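What follows is each chain in one-letter form.
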Amino acid sequence: MVTVPGIESVTGRTAVVTGGASGIGFAMAQRFLQEGMSVAIADVEQSALDNAVRELSGLGAVIGLRTDVRKVEDVDALAAATLEAFGRIDVVCNNAGVETGGSFLSIPEEAWRWVMDVNFFGVLNGCRVFLPLLEAHGGGHIVNTASVAAFNSGTATMTPYCVSKFAVLALSESLEIELRTAGSKVGVSLLAPGPVKTRMTEAERNRPADVPAATEPARVAVMERLAATTAESGLEPAEVAGKVLDAIRTNNFFVLTHPEMAQAGVQRRLDWMTTGIPPVARQAGS
Ligand SMILES: NC(=O)c1ccc[n+]([C@@H]2O[C@H](COP(=O)([O-])OP(=O)(O)OC[C@H]3O[C@@H](n4cnc5c(N)ncnc54)[C@H](O)[C@@H]3O)[C@@H](O)[C@H]2O)c1
């Protein structure tokens, strides 16, 4: 079984970053540009995308493409525009993500579909569209953004988010194993952050018209607490971007900004399996 060595020298390579207009995606784009890469940032929020391109253009070759990752035709167009601009694609960060929720019966189907469409199908679209292009250019790297939620079911009011991130975990692990077993030159990483200072707790700013705002008091309280603790003790996005770059260079799968939070979730399940005693709900941000 061949282990792909990673992309030691990233200078001159091209990266695509979805959700690149804000937060972690923006920081990844910024870091890649600082390392001499060309970057295509994709985002659904046009004004944020325009601002991001303006802010980053002093650092190097960057283009912004309005993309809704839920739509495979948008992702196809993103790939075509990136190839036209830069000639090749080496790194793809499937990073766009959203969050809404509440207690189980308060969550409408439209909210489930929005979260799954962006967080899971957006990542899947990116993998399906870009993998053949990376293979065609002799290799590359895919970074899929999950969350510590990928290891932590039972996080109060965040069930759709947890489900979507579990799906990203399973997709990414399966893809990594399949590609490595087949001797592919494409590496895969899973970025699973804990709290990072971004606009994630304001994700509903991008909700489609058919998704109602989540106004349940218990849910609002979770978001307020999460926003407060993230503002106080969350990581800076630039630090996360540095870890992603290291993982691309070394072809490391798990990019864990808060490994103790990921491991606690896995341990909770193991304990449940071995003792039969179910855990209590986990409270994000506490
Ligand atoms: N910030 C955290 O604490 C944290 C923790 C764990 C995981 N994450 C994950 O990190 C990723 C990045 O989020 P962030 O924290 O930087 O939040 P953010 O809200 O600052 O950035 C997310 C970006 O995704 C874009 N986006 C939303 N829907 C889209 C769509 N349909 N198509 C294209 N772009 C879309 C938004 O416009 C925004 O620019 C997400 O997948 C999120 O789930 C964040």
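It should be noted that the structure appears before, not after, this text.
For the structure given in this document, a descriptive report is provided here. In this text the structure is predicted, and so the values were computed from the model without any measurement.

## Concerning the pattern of salt bridges
Now for step 1: Overall, the coordinates contain twelve salt bridges when judged by the stated rule.
Now for step 2: Asp68 is the partner of Arg70 in a salt bridge, and the nearest nitrogen-oxygen pair spans 2.8 Å.
Now for step 3: A relative accessible area of 32% means that Arg70 is categorised as partly exposed.
Now for step 4: For Asp68, a relative accessible area of 7% puts it in the buried group.
Now for step 5: Taken together, the salt bridges that share partners define one network made up of Arg13, Arg88 and Asp90.

## Describing a nonpolar patch on the surface
Now for step 1: On the surface, Val266, Leu270 and Met273 cluster together into a nonpolar patch covering about 290 Å² of accessible area.
Now for step 2: With respect to the helices and strands, the residue Leu270 is situated in helix α8 (residues 259–275).
Now for step 3: On the accessibility criterion, Leu270 (43% relative accessible area) is partly exposed.

## Examining unusual backbone geometry
Now for step 1: Unusually for a residue other than glycine, Thr157 sits at a positive phi of about 65°.
Now for step 2: In this structure, Thr157 sits in the loop between β5 (140–145) and α5 (159–181).
Now for step 3: The backbone of Asn251 sits at a positive phi, close to 50°, despite the residue not being glycine.
Now for step 4: Looking at Asn251, the relative accessible area reads 15%, which means it is buried.

## What to know about helix α2 (residues 46–56)
Now for step 1: Buried within α2 are the following residues: Ala48, Leu49, Ala52, Val53 and Leu56. Down the axis of α2, the smallest arc covering the buried residues is 135°, so these residues share one side. Seen from the buried face of α2, the exposed residues on the opposite side, beyond 90 degrees, are Arg54 and Glu55.

## Brief notes about the nonpolar core
Now for step 1: Counting residues in hydrophobic clusters, the biggest one holds 34 residues, and the most contacted among them are Met28, Phe32, Ile41, Val91, Val244 and Ile248.
Now for step 2: Counting only elements with at least two residues in this core, the list comes to β1 (14–18), α1 (23–34), β2 (38–43), α2, β4 (91–94) and α7 (237–250).
Now for step 3: Once residues lying within four places of it in the same chain are set aside, the contact partners of Val91 are Ile7, Thr14, Ala15, Val16, Phe32, Met37, Leu134, His141 and Ile248.

## Considering the sheet that holds β4
Two orientations exist for strands paired in a sheet by backbone hydrogen bonds: parallel and antiparallel.
Now for step 1: Ordered by their spatial adjacency, seven strands build an open sheet running β3-β2-β1-β4-β5-β6-β7, and the pairing between neighbours is parallel. The open sheet terminates on both sides in strands that have one partner only, identified here as β3 (62–66) and β7 (254–256). On average, each strand axis in the sheet is inclined to that of its neighbour by 15°, with strand direction left out of account.
Now for step 2: Pairing of β5 with strand β6 (residues 186–192), which is carried by six bridges, proceeds in the parallel orientation. Opposite Gly140, over in β6, you have Val186 as the bridge partner.

So, how was this worked out
- Residues numbered from 1 in each chain as written.
- Predicted model: local features only at pLDDT ≥ 70, side-chain atom pairs only at ≥ 80, totals over all residues.
- Heavy atoms only, no water.
- Salt bridge = Lys/Arg side-chain N within 4 Å of Asp/Glu carboxyl O.
- Buried < 20%, exposed > 50% of the residue type's maximum accessible area, 1.4 Å probe, protein only.
- Patch = residues over 30% accessible without salt bridge, like charges linked within 9 Å, V, L, I, M, F, W, Y side chains within 5 Å.
- Areas by Shrake-Rupley, 256 points an atom, 1.4 Å probe, with all protein chains shown as cover.
- Helix = DSSP H or I, 4+ residues; strand = E, 2+ residues; numbered from the N terminus.
- Arc of directions from axis to C-beta.
- Core = buried A, V, L, I, M, F, W, Y, C linked by side-chain atoms within 4.5 Å.
- Contact = heavy atoms within 4.5 Å.
- Pairing = 2+ DSSP bridges.
- Axes fitted to C-alpha atoms, helices over the stretch in contact; angles between N-to-C directions.

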